[in-house]
Amino acid sequence: MRVNLTVNGDRRHADDVWEGESLLYVLRERLGLPGSKNACEQGECGSCTVYLDGVPACACLVAAGQAEGREVRTVEGLADGDTLDPVQEAFVECGAVQCGFCTPGLLVAAHDLIERDPDPGDAEIREALAGNLCRCTGYEKIMDAVRLAAARKAAS
Ligand code: FES
Ligand code: FES
C-alpha cells in the first residue's frame, strides 16, 4: 500500500508498505530519516520518539498505515536549517550525549516538555523523560541539559 504523510513539513509518501510495517521503519528505511533510532522495537526505550500530530509517540509502535494523512516531526525537524534547537544546543553543551542512541528520543521528549511547561521542576523533567532509557550518561547531564534549555527559553 501507499502511505502519504507530512514529515517535517514536507508531503512525503512511501510505496509498497507492508501492513505490519512500523512508522519507524518507513521513516528510517524508506524516507531516509535515520535520526529516530531503533533500539528495542517494543515501545520500551523511547529512542524512536517522534511527534505524531504534535504528540510524542514511539514510532516503533505506530503502524505505518496509522500515519496516513498525519503530521510527523522527527528529530531532524527540530533544528531550523543549520541552527540547532535550544534543546539540542543544551544537550551538546552539557555533555548529555555519549553513544547517542537515546538522544533523538530524549530531544523530542524534552522539546515537548519545555513547549508544554516552560519552567519544569526536576520531578516534571524526570516524569517527562521516564519513557526514554539511557545506558550511558546516568541521566544527570541530561537533567542539566533540560534545565539549561528551559532556563534559556524562559529568558528569551
Ligand atoms: S525502539 Fe521504539 S521504544 Fe524502543
Ligand atoms: S548516550 Fe548512550 S544510551 Fe544514552
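- Within an unreviewed UniProt entry, the label attached to the protein chain reads (2Fe-2S)-binding protein, and the organism entered is Amycolatopsis suaedae.

## Focus on helix 5 (residues 140–155)
- The end-to-end C-alpha separation of helix 5 is 23 Å, in line with the 22 Å expected for 16 residues at 1.5 Å each.
- Among the residues of helix 5, Ile 142, Ala 145, Val 146, Ala 149 and Ala 150 are the ones counted as buried. Projected down its long axis, helix 5 carries its buried residues within an arc of 130°, all on one side. Among the exposed residues of helix 5, those pointing more than 90 degrees away from its buried face are Glu 140, Ala 154 and Ala 155.
- Buried positions along helix 5 lie against helix 2 (86–93), helix 3 (103–116) and helix 4 (122–128).

## Some words on the packing of helix 2 against helix 3
- Helix 3 packs onto helix 2 with a crossing angle of 125° between their chain directions and a minimal axis gap of 9 Å. It follows from the interaxial angle that helix 2 and helix 3 lie oblique. As for the relative orientation of helix 2 and helix 3, their crossing is right-handed in sense. Counted together, Val 87, Gln 88 and Phe 91 of helix 2 and Thr 103, Leu 107, Ala 110, His 111 and Ile 114 of helix 3 form the full contact between these two elements.
- Considered class by class, the residues forming the contact of helix 2 with helix 3 number five nonpolar, three polar and no charged.

## Notes on the domain arrangement of the protein chain
- Annotation of the protein chain at the domain level lists domain 1 (3–77) and domain 2 (86–155).
- Of note, the centres of domain 1 and domain 2, computed from C-alpha atoms alone, are 21 Å apart.
- Each side of the interface is counted separately: domain 1 has 13 residues, and domain 2 has 11 residues.
- With three residues, the top contributor of residues to the side of domain 1 that touches domain 2 is strand 3 (residues 49–52).
- The residue inventory of the side of domain 1 that touches domain 2, partitioned by class, reads seven nonpolar, five polar and one charged.

## A look at the pairing of strand 1 (residues 3–7)
- Across the two faces of strand 1 the burial differs, with Val 3, Leu 5 and Val 7 buried and Asn 4 and Thr 6 not buried at all.
- Both strand 1 and strand 2 (residues 10–14) contribute to a ladder of five bridges, which runs antiparallel. Looking at strand 2, one finds that Val 7 is bridged to Asp 10.
- In this antiparallel pair of consecutive strands, strand 1 and strand 2, the connection spans two residues, and Asn 8 shows a positive phi of 50°.

The rules behind the values
- The residue count restarts for each chain, going from 1 along the sequence in the order it is written.
- Chain A is the first chain written and ligand 1 is the first ligand written, with later ones labelled in order.
- Two thresholds apply to this predicted model, a pLDDT of at least 70 for residue-level local features and 80 or more for giving and counting side-chain atom pairs, whereas whole-chain, interface and lining totals are computed over all residues.
- Labels follow the DSSP assignment, with helices taken as runs of H or I lasting at least four residues and strands as runs of E lasting at least two, numbered in each case from the N terminus.
- In this analysis, the expected span of each helix is defined as 1.5 Å times one less than the number of residues it contains.
- Each residue is classified by how many other C-beta atoms fall within 10 Å of its C-beta atom, where C-beta atoms are placed from the backbone; a count of 20 or more means buried, 12 or fewer means exposed, and values in between mean partly exposed.
- Each direction from the helix axis to a C-beta atom contributes to the arc, which is the arc of those directions.
- Residues are treated as contacting if the C-beta atoms built from their backbones sit within 7 Å of each other.
- Each axis is a line fitted through C-alpha atoms, taken for helices only over the stretch in contact, and angles between the N-to-C directions span 0 to 180 degrees.
- Throughout, the term roughly parallel applies to angles under 35 degrees, roughly antiparallel to angles over 145, roughly perpendicular to angles from 65 to 115, and oblique to all others.
- Working rule for handedness: look at the near helix, and if it is turned counterclockwise from the far one by less than a right angle, call the crossing left-handed; if clockwise, right-handed.
- Under the scheme applied, nonpolar residues are Ala, Val, Leu, Ile, Met, Phe, Trp, Tyr, Cys and Pro; charged residues are Asp, Glu, Lys and Arg; polar residues are all the others, including Gly.
- Where each domain begins and ends is defined by an automated method or by a domain database.
- Here, strands pair whenever DSSP counts at least two bridges between them.

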